[in-house]
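Examining the three-dimensional arrangement
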Amino acid sequence: MSGIVPTTTTLADVYPADADEVAFQQQRWTKLVDTFAATHGHKPTFVSRSPGRVNIIGEHIDYSLFSVLPMAIAADVLLAVSTPSPSSSSSGDDSFKITISNVQTDKFPGAEFTVSPSATEIEIDRSHHHWSNYFKAGLKGAMGLLRQKHGDEFRFKSMNVVMDGNVPPGGGLSSSAAFVTASALAVLVANGETEVDKVKLTELAIVSEREVGVNSGGMDQSASVLSERDAALFVSFTPSLSARPVRFPQTTPELVFLIAQTFVRSAKFDTAPYRYNLRVVECTLAAAILNADCNNSSPLPRDSSPLGISLHGFFDSYFTTTNPSLSNLTLQEKFTKAISLTEESLTQEKGYTLDEIATHLHLPVSDLQKTYLTKFPAKPPQNLFLLRQRALHVFRESLRVLRFMHLLEQNPPSSSSDIGPSLGRLLTDSQSSCRDDFDCSCAEIDSLVDIGRRAGAYGSRLTGAGWGGCTIHLVPADRVEQVKKAFDDEYYSKIEMSEEERASRVVVTKPGPGSCVFWVS
Ligand code: NG1
Ligand code: MG
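Residues numbered from 1 in each chain as written. Chains lettered and ligands numbered in written order. Predicted model: local features only at pLDDT ≥ 70, side-chain atom pairs only at ≥ 80, totals over all residues.

Operational definition: UniProt positions are given in the numbering used here, feature names are shortened, and annotations may be inferred rather than shown by experiment.
Labelled according to an unreviewed UniProt entry, the chain appears under the name Galactokinase, originating from Echria macrotheca. Comment text from UniProt for the chain, heading Sequence similarities (unreviewed entry), reads "Belongs to the GHMP kinase family. GalK subfamily." Database annotation for the chain, UniProt heading Pathway (unreviewed entry): "Carbohydrate metabolism; galactose metabolism."

Encoded structure:
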């Protein structure tokens with residue numbers, strides 16, 4: 001799916017067609033524009049908008065370059081922007097200044113920084129987690145694209161930016177990708193790009209977000225930029241980034257997705273074992289060993305995954321180069337084969353030390369340290385990398401994505417009510433695999449998932465990185481109220497929540513459109 005980031009002046013183009021929702025958004029937007037005017041003495045010129053997302057299925061497989069099925073939600077990041085004229089901002093040279101603040105000043109203190117045009121790098125201090133780091137990540141990526149297009153002499157505009165975001169941070173709904181993509185988009189538009197290519201924006205945001213401390217895959221940025229209203233998004237990362245909208249079948253009762261927050265903040269990367277980055281390392285090392293065992297030691301091709309080689313790279317080489325006679329197996333058969341190869345090759349249930357991995361790969365440990373464990377730290381508990389469990393999850397989860405897609409895209413479309421339970425079973429299996437093999441669940445997620453299923457959801461799982469954050473439940477419309485009530489009785493009544501949290505604890509999500517630019521009149 002290619003195309004240009006859309007521009008609009010109408011809130012109804014962006015938010016669910018529901019009078020309450022549009023009224024709520026109208027208020028929010030008025031407040032943003034007023035805050036901007038009060039801070040800077042003039043109205044913003046435009047607002048860049050990018051939504052959060054939920055992942056329906058395909059968890060922790062994007063950085064191994066396997067396809068995923070997320071959808072954009074209504075919660076989003078809005079960046080109101082003006083480009084002050086040079087006289088009011090410049091210090092006489094070509095440097096440019098970014099002044100960024102948030103409508104929630106108490107929670108998110110503002111920042112100001114000047115960038116010299118000769119700076120090839122924007123400094124992002126990963127050890128000091130300021131919210132504006134995400135803006136800097138987007139800025140850095142956008143500067144790269146602008147310089148590529150206009151040359152190194154390009155003069156960047158100074159920017160005043162005021163943000164309003166309502167995607168809960170650390171909640172598994174991808175506030176970070178929404179912020180990075182909205183930031184990159186804002187910088188591009190501020191610097192005269194009126195037609196921003198969606199795929200280019202997504203690709204630069206994927207790379208940029210890795211500046212902030214997580215060696216992430218590309219699912220979130222893809223969902224945030226490329227989604228279409230009323231459709232989930234099937235995202236593929238090879239041979240290059242592509243995505244297509246997928247609509248859910250109309251059934252009776254209707255299929256509804258409920259998102260229920262655990263209110264446990266996902267500590268996915270700030271402290272040892274640096275869980276998320278560790279999983280990326282484990283999947284990458286599993287790819288290296290599988291490749292050594294099954295691909296006649298020919299080196300893995302470099303690809304766009306965070307560490308440059310991936311389980312997808314192994315999978316592809318195995319079925320195309322090593323065993324061309326297997327190239328016409330169905331994708332389903334290939335995944336089944338990859339699962340049995342993993343069972344035969346990665347036999348150590350207890351895990352692998354770095355020494356064992358190095359011996360297996362005939363490489364010095366220092367090489368592995370340098371290549372995989374330096375830029376982003378990862379410290380496995382007991383120094384054991386659980387390669388078998390991680391690779392099994394990746395192949396089995398990818399197979400579930402495929403099956404889920406087959407159910408959605410059956411021809412003729414399924415209108416029968418048994419599609420709900422079939423989809424639900426795949427979600428539930430995904431949760432078990434996330435919990436047992438990928439070890440990215442937690443007690444609160446397990447509890448919500450269990451409550452949801454007992455109360456009548458077809459299937460329930462964590463969504464996003466896990467270790468906290470959100471759960472997603474596929475529920476027939478006629479059981480939504482009973483599932484919500486069960487969450488309240490058995491989970492939310494037992495924890496402390498702020499007013500804001502109470503209001504957002506469980507939401508019905510409708511798939512919304514991706515990034516856009518809103519011109520302020
Ligand atoms: P969230 O839920 O935003 O932490 C993370 C990654 C995704 C993907 C999922 C797991 C980031 C920015 N995103 O999502 O790329 O790997 O985990 O499926 O870290
Ligand atoms: Mg995130």
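Past the structure itself, the notes keep going.
**What to know about the overall build of the chain**
To be explicit about the condition: In this description a helix means any DSSP run of H or I spanning at least four residues, a strand means any run of E spanning at least two, and both kinds are numbered starting from the N terminus. C-alpha atoms define the radius of gyration, and 2.2 Å times the number of residues to the power 0.38 defines the globule rule.
The number of helices and strands found in the chain is 16 helices and 13 strands. Relative to its length of 521 residues, the chain is compact, with a C-alpha radius of gyration of 23 Å against a globular reference of 24 Å. In terms of overall dimensions, the chain has a C-alpha envelope of 70 × 55 × 45 Å along the principal axes.

**Some thoughts on helix 3 (residues 133–150)**
Defined as follows: Here a helix's expected span is defined as the number of its residues, less one, multiplied by 1.5 Å. Working definition of burial: number of other C-beta atoms within 10 Å of the residue's own, with buried at 20 or more, exposed at 12 or fewer, and partly exposed in between, all C-beta atoms being placed from the backbone. Here the contact rule is simple: place C-beta atoms from the backbone, and any two residues whose C-beta atoms are within 7 Å are in contact.
Helix length check: helix 3 (18 residues) gives 25 Å between terminal C-alpha atoms against 26 Å at 1.5 Å per residue, within 8%. The complete set of buried residues in helix 3 reads Asn 133, Tyr 134, Phe 135, Lys 136, Ala 137, Gly 138, Leu 139, Lys 140, Gly 141, Ala 142, Met 143 and Leu 145. On the buried face of helix 3, the contacting elements are strand 4 (96–102), strand 6 (159–165), helix 4 (175–190) and helix 5 (198–209). Gly 151 occupies a position one or two residues after helix 3 and carries a positive phi of about 95°.

**A look at the sheet that holds strand 2 (residues 46–57)**
Applicable threshold: The pairing criterion for strands is at least two bridges between them, as found by DSSP. In this analysis, axes come from line fits to C-alpha atoms, helices being fitted only over the stretch in contact, and the angle between any two N-to-C directions falls in the range 0 to 180 degrees.
Strand order in the open sheet formed by seven strands is 1-13-2-3-6-4-5, and the pairing between neighbours is mixed. Looking at which strands have only one partner, the edges of the open sheet turn out to be strand 1 (7–8) and strand 5 (111–115). In the packing of helix 1 (residues 19–40) onto the sheet, the strands contacted are strand 3 (69–82), strand 4 and strand 6, and the crossing angle to strand 6 comes to about 150°.

**Observations regarding the environment of Pro 301**
Within the fold, Pro 301 resides in the loop between helix 7 (275–294) and helix 8 (311–322). Overall, the presence of 14 C-beta atoms within 10 Å leaves Pro 301 in the partly exposed class.

**What about the confidence of the model for the chain?**
The predicted coordinates should not be examined in detail at positions where pLDDT is low. Applied cut-off: Along the chain, pLDDT gives the predictor's confidence residue by residue, from 0 to 100.
Averaged over all residues, the pLDDT of the chain equals 93, while 97% of them reach at least 70. Interface confidence for the predicted complex, given as ipTM, is 0.97, next to a pTM of 0.95.

**Details of the UniProt feature "domain: Galactokinase N-terminal" (unreviewed entry) in the chain**
Within this numbering scheme, the UniProt entry marks residues 35–82 as carrying the feature "domain: Galactokinase N-terminal" (unreviewed entry). Between the C-alpha atoms that bound residues 35–82 there is a distance of 13 Å. The span itself is 12% helix and 54% strand.

**Here's the deal with the sheet that holds strand 12 (residues 506–509)**
Strand order in the open sheet formed by four strands is 10-11-9-12, with antiparallel pairing between adjacent strands. With one partner strand each, in any of the chains shown, strand 10 (459–463) and strand 12 form the two edges of the open sheet. The mean angle between the axes of side-by-side strands here comes to 25°, regardless of whether they run parallel or antiparallel. One ladder, built from four bridges, connects strand 9 (residues 255–261) with strand 12; its direction is antiparallel. Across the sheet, Ile 259 pairs through a bridge with Val 507, a residue of strand 12.

**So, the pairing of strand 8 (residues 242–246)**
Bridge count between strand 7 (residues 232–236) and strand 8: five bridges; the pairing is antiparallel. Paired with Ala 232 across the strands is Val 246, a residue of strand 8.

**So, the nonpolar core**
Threshold: Only buried Ala, Val, Leu, Ile, Met, Phe, Trp, Tyr and Cys residues enter a nonpolar core, and they are joined through C-beta atoms within 7 Å.
Within the largest apolar cluster, 149 residues are counted, with the highest numbers of intra-cluster contacts made by Leu 79, Val 161, Leu 185, Ala 286 and Ala 391. Non-local contacts of Leu 79, meaning those with residues more than four positions away in its chain, are made with Val 47, Ser 48, Val 161, Met 163, Ala 182, Ser 183 and Ala 186.

**Some points on the site of ligand 1**
The test is simple: For each residue, a C-beta atom is placed from the backbone, and the residue counts as near a molecule or strand when that atom lies within 6 Å of it. In this count, Pro and Cys sit with the nonpolar residues alongside Ala, Val, Leu, Ile, Met, Phe, Trp and Tyr, while Asp, Glu, Lys and Arg are called charged and the others, Gly among them, polar.
Taken together, 19 residues form the shell around ligand 1, and within it Ser 174, Ser 216, Gly 217, Gly 464 and Ala 465 come nearest. Counting residues per element, the ones that place at least two in the shell around ligand 1 are helix 4 and helix 6 (219–226). Grouping the constituent residues of the shell around ligand 1 by class yields six nonpolar, eight polar and five charged.

**Examining unusual backbone geometry**
The peptide bond linking Thr 238 to Pro 239 adopts the cis configuration, its omega dihedral lying at -5°. For Pro 239, the location among the structural elements is in the loop between strand 7 and strand 8. Going from Ala 272 to Pro 273, the amide bond is cis rather than trans, its omega being 10°. Position of Pro 273 relative to the elements: it lies in the loop between strand 9 and helix 7. Backbone geometry at His 60 places phi at a positive 55°, although glycine is not the residue there. Structurally, His 60 can be placed in the loop between strand 2 and strand 3. A positive phi angle, close to 65°, is found at Asp 230, a residue other than glycine. You can see Asp 230 is positioned in the loop between helix 6 and strand 7. The class for Asp 230 is partly exposed, based on 15 C-beta atoms found within 10 Å.

**Quick look at the environment of Ala 72**
With respect to the element layout, Ala 72 can be found in strand 3. Accessibility expressed as a C-beta count within 10 Å gives 31 for Ala 72, which makes it buried. Once residues lying within four places of it in the same chain are set aside, the contact partners of Ala 72 are Pro 51, Arg 53, Ala 223, Ser 224, Ser 227, Pro 511, Gly 512, Pro 513 and Gly 514.

**A word on the UniProt feature "domain: GHMP kinase C-terminal" (unreviewed entry) in the chain**
With numbering matched to this structure, UniProt assigns "domain: GHMP kinase C-terminal" (unreviewed entry) to residues 422–492. Along residues 422–492, the helical share is 54% and the strand share 17%, with 29 Å between the first and last C-alpha atoms.

**Quick word on the packing of helix 12 (residues 387–408) against helix 13 (residues 419–436)**
Rules: In what follows, roughly perpendicular refers to angles from 65 to 115 degrees, roughly parallel to angles under 35, roughly antiparallel to angles over 145, and oblique to any angle outside these ranges. Crossing chirality is assigned from the near helix's rotation relative to the far helix, an anticlockwise turn below a right angle marking it left-handed and a clockwise turn marking it right-handed.
At a minimum axis distance of 10 Å, the contact between helix 12 and helix 13 shows a crossing angle of 170°. Considered as vectors, helix 12 and helix 13 are oriented roughly antiparallel to each other. Crossing of helix 12 over helix 13 shows left-handed handedness. Of the residues in helix 13, those in contact with His 393, Arg 396, Glu 397, Arg 400, Arg 403, Phe 404 and Leu 407 of helix 12 are Ile 419, Ser 422, Leu 423, Leu 426, Asp 429, Ser 430 and Ser 433. Tallied by class, the residues present in the contact of helix 12 with helix 13 amount to five nonpolar, four polar and five charged.

**Quick look at the packing of helix 3 against helix 5**
Contact geometry of helix 3 with helix 5 gives a least axis separation of 8 Å together with a crossing angle of 130°. When the axes of helix 3 and helix 5 are compared, the pair comes out oblique. Taken as a pair, helix 3 and helix 5 cross one another with a handedness that is right-handed. Counting all contacts with helix 3, which are made through Ala 137, Gly 138, Lys 140, Gly 141, Ala 142, Gly 144 and Leu 145, the residues of helix 5 involved are Lys 200, Leu 204, Ala 205, Val 207, Ser 208 and Glu 209. Across the contact of helix 3 with helix 5, the residue classes tally to six nonpolar, four polar and three charged.

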